[in-house]
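An overview of the molecular structure
Each chain, letter by letter, is given below.
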Amino acid sequence: MALPPEAGALPAAATSTDHGLVLFDGVCNLCHGSVRFIVDRDPRGVFRFASLQSQVGAEAARALGADASQLDSILLIEGGRLYRESTAALRIARRLSGLWPLLALFLVLPALLRDPVYRLIARYRYRWFGKTDVCRLPAPGEAERFLQDP
């Protein structure tokens, strides 16, 4: 989804081609684990993060036509474009260290084939991995990568 002309309130990480903004469910244990996974494999600091429950995360999602109250997908915003579900996950993987970029080869498959597996995990993530009452705080030294509400 391309950046609409009226969406001027996006954080710089969302419009940059050097960075990506990962929007995640801030109370989901699987989502927190995914963010930790990304941070640990992103030594160049390509990705910035915001929970969908935060004002900045909700506004960034809304600016691109996504409903932040629908917390069933990780969202990636790169260069002012919004990516969801397996496309977001695979585009994130392609910018990580190690062998993870090889997963981006699955982008050649249509999302119609990739997304059902993603949706199944998303539907049961609270049951399988649990949830917390509040968003966790970033570890020391990582706070600059997590966008905070004004």
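Here, the structure is the one placed above.
The paragraphs below set out a description of the structure included in this document. Fair warning: this is a prediction, and the values are worked out from it, not measured in the lab. Each residue is numbered by its place in its chain's sequence as written, counting from 1. Restriction of local features to residues with pLDDT of at least 70 applies here, the model being predicted, together with a cutoff of 80 or more for giving and counting side-chain atom pairs; totals for whole chains, interfaces and linings are based on all residues. Just so you know, side-chain values use all the structure's heavy atoms and leave hydrogens and water out.

**Some thoughts on unusual backbone geometry**
- Backbone geometry places Glu85, a non-glycine residue, at a positive phi of 50°.
- Only DSSP runs of H or I reaching four residues or more are called helices, and only runs of E reaching two or more are called strands; each is numbered from the N terminus. Counting through the fold element by element, Glu85 comes out in helix H4 (residues 85-93).

**Comments concerning the nonpolar core**
- We define a nonpolar core as any set of buried Ala, Val, Leu, Ile, Met, Phe, Trp, Tyr and Cys residues linked to one another through side-chain atoms lying within 4.5 Å. Per-residue accessibility, obtained with a 1.4 Å probe over protein chains only, is compared with the maximum for each type, and a residue is labelled buried under 20%, exposed over 50%, and partly exposed between these values. Counting residues in each nonpolar core, the largest one holds 19 residues, and the members touching the most others are Val22, Phe47, Phe49, Leu76 and Ile92.
- Listed by contribution, the elements that provide at least two residues to this core are strand S1 (20-24), helix H2 (29-40), strand S2 (47-51), H4 and helix H5 (111-129).
- Top element by residues in this core is H2. It accounts for four residues.
- The contacts of Phe47, once residues within four sequence positions are left out, are Gly20, Val22, Ile38, Asp42, Leu76, Ile92, Arg95, Leu96 and Arg145. In this analysis, two residues are considered to be in contact whenever any of their non-hydrogen atoms come within 4.5 Å of each other.

**So, the pairing of strand S4 (residues 81-84)**
- Looking at chain direction, strand S3 (residues 75-78) and S4 are connected through four bridges and run antiparallel. Across the sheet, Leu76 pairs through a bridge with Tyr83, a residue of S4.
- Pairing between two strands is assigned when DSSP locates at least 2 bridges connecting them. The turn joining S3 and S4, which pair antiparallel and follow one another in sequence, is formed by two residues; a positive phi near 55° is taken by Gly79.

**Quick look at the environment of Asp18**
- With respect to the secondary-structure elements, Asp18 resides in the loop between helix H1 (12-15) and S1.
- Overall, the relative accessible area of 56% leaves Asp18 in the exposed class.

**Points about a nonpolar patch on the surface**
- A residue counts toward a patch only above 30% relative accessible area and without a salt bridge, and it is joined to like-charged neighbours within 9 Å or, for Val, Leu, Ile, Met, Phe, Trp and Tyr, to nonpolar neighbours within 5 Å. For the accessible areas, the method is Shrake-Rupley and the probe is 1.4 Å, while residue cover comes only from the protein chains on display. Any carboxyl oxygen of Asp or Glu within 4 Å of a side-chain nitrogen of Lys or Arg constitutes a salt bridge here. Judged by side-chain polarity, Trp100, Leu103, Phe106, Val108, Leu109 and Leu113 come together as a nonpolar surface patch covering roughly 580 Å² of accessible area.
- Note that Trp100 resides in the loop between H4 and H5.
- Classification of Trp100 as partly exposed rests on a relative accessible area of 35%.

**A few points about the layout of surface pockets**
- Space inside and on the surface of the protein is sampled on a 1 Å grid over the protein atoms alone, with a cavity defined as a set of points where a 1.4 Å probe fits but cannot get out and a pocket as an open set with protein on both sides within 12 Å along at least 5 of 7 lines; lining residues have an atom within 4 Å of a point. Grid points are joined across faces, edges and corners, and a volume is the space filled by probe spheres set on the points. Estimates place the volume of the largest pocket at around 740 Å³.
- As for the largest pocket, its lining consists of 26 residues, and the residues nearest its centre are Ser34, Ile74, Ala89, Leu90 and Tyr118.
- Every element with two or more residues in the lining of the largest pocket is listed here: H2, H4 and H5.
- In terms of residue class, the lining of the largest pocket is made up of 19 nonpolar, four polar and three charged. Residue type decides the class: Asp, Glu, Lys and Arg count as charged, Ala, Val, Leu, Ile, Met, Phe, Trp, Tyr, Cys and Pro as nonpolar, and the leftover types, Gly among them, as polar.

**Here's the deal with the packing of H4 against H5**
- To obtain each axis, a line is fitted to C-alpha atoms, and for helices this fit is confined to the stretch in contact; angles are then taken between N-to-C directions over 0 to 180 degrees. Taken N-terminus to C-terminus, the directions of H4 and H5 make an angle of 95°; their axes are 7 Å apart at the nearest point. The orientation of H4 relative to H5 falls into the category roughly perpendicular. Within the contact between the two elements, H4 uses Glu85, Ser86, Thr87 and Leu90 and H5 uses Ala111, Arg114, Asp115, Tyr118 and Arg119.
- Residue composition of the contact of H4 with H5, by class: three nonpolar, two polar and four charged. Angle categories: roughly parallel below 35 degrees, roughly antiparallel above 145, roughly perpendicular from 65 to 115, and oblique for all the rest.

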